[in-house]
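Overview (structure and organization)
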Amino acid sequence: MSRLGALQADRTPDRPGPGAMPDTLLRALEVNIGRRVEGLLSGDYRSTLLGEGTELAQVRPYVPGDDVRRMDWNVTARTGEPHVRVQLAERVLVTWLVLDTSPSMSFGTADRRKADVAEGVAIAIGHLATRRGNRLGIVTFGNAEQEALPPRQGRVGLIGLLAALRRENGGEPAGATSVGEALTRAAAIARQRSVVVVVSDFRGPLDWRRPLLELAGRHDVVAVEIRDPREQELPDVGELWLVDPETGQQLRVDTRSERLRSRFASAAAEERSGVARVLASLGVRHVVLTTSGDWLRPLAVFLKRRRR
């Protein structure tokens, strides 16, 4: 059975989209994404996401035993005496992954759920953020079991956490997601200057503007927004019930109305544009990924654009 077929086998009347990925597929995806990230971002990738972490401390005369690869040939030629460059010790860069695990992330009508894309992004960021001895911390929000893992080297903890989070829990809706509360919590934990990658669908109240402003004032913040095509337009399928997965609120609509579909598409586009405007006004880098097609290549293109 194909990957898509395996995921679609978990469809139910209550969940029309693809189901959650099995643990074995999640771990296989970690290997696949790692290889693709290395291929898409091959070469000397200098980005604030990775960081070089070395600074020139001084240029001094050469003494026996110095590494000849550190020779500063410009100063040597100017002075007529061998000189070497002395650099500060490499700094450890800390990246925080703020991951949305709310019920709305389980929605998916295309190739996969939004949660699947979020897990893939987390794996890709994990590969990048833990290179060269750098460390990755994780904060999750949107469900009853919120997690906060301190920065660590390596990706073992990340995969274990994702495997645990992807096991969907039944029960009553947990209520509307507060991105603002998650950002406030991340700001309290991330004490040293870090890179903060927020992965969410950014649905719900705009309670996150001020917390994000404060967070962006101290850290390099990246917003990864995940969408599903059906969130932007309604299909012509007759009468149906629209359900808010986080509040349980229901609304009956007749999608045969062209006027209704047009108004829905316009309102959805304006709402997403509003999110983009707020992020831009705060100086936060922003990329949009969807549940349809290849999401990793657009992410790689976005990261390449952040080269210094």
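Check the entry above for the structure.
Let me begin by describing the structure that accompanies this report. (Residues numbered from 1 in each chain as written. Predicted model: local features only at pLDDT ≥ 70, side-chain atom pairs only at ≥ 80, totals over all residues. Heavy atoms only, no water.)

1. Quick look at the overall build of the protein
Per the secondary structure count, the protein includes nine helices and ten strands. Residues classed as buried in the protein amount to 43% of the 308 residues present. (Helix = DSSP H or I, 4+ residues; strand = E, 2+ residues; numbered from the N terminus. Buried < 20%, exposed > 50% of the residue type's maximum accessible area, 1.4 Å probe, protein only.)

2. What to know about the sheet that holds strand β3 (residues 94-100)
As a general point, the strands of a sheet are linked pairwise by backbone hydrogen bonds and lie either parallel or antiparallel. Read across the sheet, six strands follow the order β5-β4-β3-β6-β7-β10 without closing on themselves; strand pairing throughout is mixed. Each of the sheet's edge strands pairs with one partner strand only, and the pair in question is β5 (148-152) and β10 (285-290). Pairwise comparison of adjacent strand axes, ignoring direction, gives a mean angle of 15° for this sheet. Summarising the sheet, strand β6 (residues 195-200) and strand β7 (residues 220-227) pair through six bridges and their orientation is parallel. When the bridges of β7 are listed, Val199 appears paired with Val224. Packing of helix α4 (residues 114-129) onto the sheet brings it into contact with β3, β4 (135-141), β6, β7 and β10, and relative to β7 it is tilted by some 150°. (Pairing = 2+ DSSP bridges. Axes fitted to C-alpha atoms, helices over the stretch in contact; angles between N-to-C directions. Contact = heavy atoms within 4.5 Å.)

3. Focus on the side chain of Gln232
With respect to the helices, strands and loops of the structure, Gln232 is situated in the loop between β7 and β8 (239-243). Every residue in contact with Gln232, bar those within four places of it in the chain, is listed here: Arg203, Arg227, Phe264, Ala265, Ala268, Ala269 and Arg272.

4. Focus on the environment of Val98
Relative to the elements of secondary structure, Val98 occurs in strand β3. Residue Val98 is classed as buried on the basis of its relative accessible area, which comes to 0%. In this structure, Val98 is in contact with Val139, Phe141, Ala182, Ala186, Val196, Val197, Val198 and Val199, ignoring residues within four places of it in sequence.

5. Re the pattern of salt bridges
Taken as a whole and judged by the stated rule, the model has 16 salt bridges. Asp201 is the salt-bridge partner of Lys114, the closest N and O atoms lying 2.9 Å from each other. Of the two residues, Lys114 sits in helix α4 while Asp201 sits in the loop between β6 and α7 (209-218), which places them 87 residues apart along the sequence. Both residues of the pair, Lys114 and Asp201, belong to the buried class. Residue Glu271 is joined to Arg203 by a salt bridge in which the shortest nitrogen-to-oxygen separation is 3.7 Å. With Glu271 in helix α8 (residues 258-281) and Arg203 in the loop between β6 and α7, this residue pair connects regions lying 68 residues apart in the sequence. Each of the salt bridges in this network shares a partner with another, and the network as a whole consists of Lys114, Asp201, Arg203, Glu225, Arg227, Glu231, Glu271 and Arg272. (Salt bridge = Lys/Arg side-chain N within 4 Å of Asp/Glu carboxyl O.)

6. Things to note about helix α9 (residues 296-304)
Looking at α9, one finds that the buried residues are Leu296, Leu299, Ala300, Phe302 and Leu303. On an axial view of α9, the arc spanned by its buried residues comes to 160°, and they lie on one face. (Arc of directions from axis to C-beta.)

7. Quick word on helix α6 (residues 179-189)
Of all the residues in α6, the buried ones are Val179, Gly180, Ala182, Leu183, Ala186 and Ala187. End-on view of α6: buried residues confined to an arc of 160°, all on one side of the axis. On its buried face, α6 is in contact with β3, β4, β6 and α7.

8. What about the packing of aromatic side chains?
Each pair of aromatic rings is reported with the distance of its centres and the angle of its planes. Evaluated as defined, the whole model comprises one aromatic pair. With a centroid separation of 5.5 Å and an interplanar angle of 65°, the aromatic rings of Phe202 and Trp208 are classed as edge-to-face. (Phe/Tyr/Trp six-rings, centres within 6.5 Å; stacked < 30°, edge-to-face > 60°.)

9. A word on the environment of Asp72
Locating Asp72 in the fold gives a position in the loop between β1 (56-61) and α3 (73-79). Given the relative accessible area of 7%, Asp72 is considered buried. A C-alpha to C-alpha distance of 9.6 Å links Asp72 and Tyr62, two positions ten residues apart in sequence. Among residues more than four places away in sequence, those in contact with Asp72 are Val59, His83, Val84 and Arg85. Within the structure, Asp72 has its side chain in polar contact with the backbone nitrogen of Val75 (distance 3.2 Å). Within the structure, the side chain of Asp72 is placed 3.2 Å from the side chain of Arg85, a separation counted as a polar contact. (Polar contact = N/O pair within 3.5 Å; in protein donor to acceptor, adjacent residues only side chain to side chain.)

10. Structural notes on the pairing of β7
For β7, a buried count of eight out of eight residues is recorded, marking the element as mostly surrounded by other parts of the structure. With α7 bridging β6 and its parallel neighbour β7, the resulting β-α-β unit is right-handed. Pairing analysis gives six bridges linking β7 to β10, with the strands arranged parallel. Considered in β10, the bridge of Ala223 is made with His286. (Right-handed = clockwise from strand over helix to strand, strands pointing away.)

11. What to know about the nonpolar core
Counting residues in hydrophobic clusters, the biggest one holds 34 residues, and the most contacted among them are Val121, Val197, Val199, Val224, Leu289 and Leu299. Secondary-structure elements contributing two or more residues to this core are β3, α4, β4, α5 (156-165), β6, β7, β10 and α9. In terms of residues, this core owes the most to one element, α4, which gives ten residues. In this view, Val121 contacts Val199, Val224, Leu289, Trp295 and Leu299; residues no more than four positions away in its chain are not counted. (Core = buried A, V, L, I, M, F, W, Y, C linked by side-chain atoms within 4.5 Å.)

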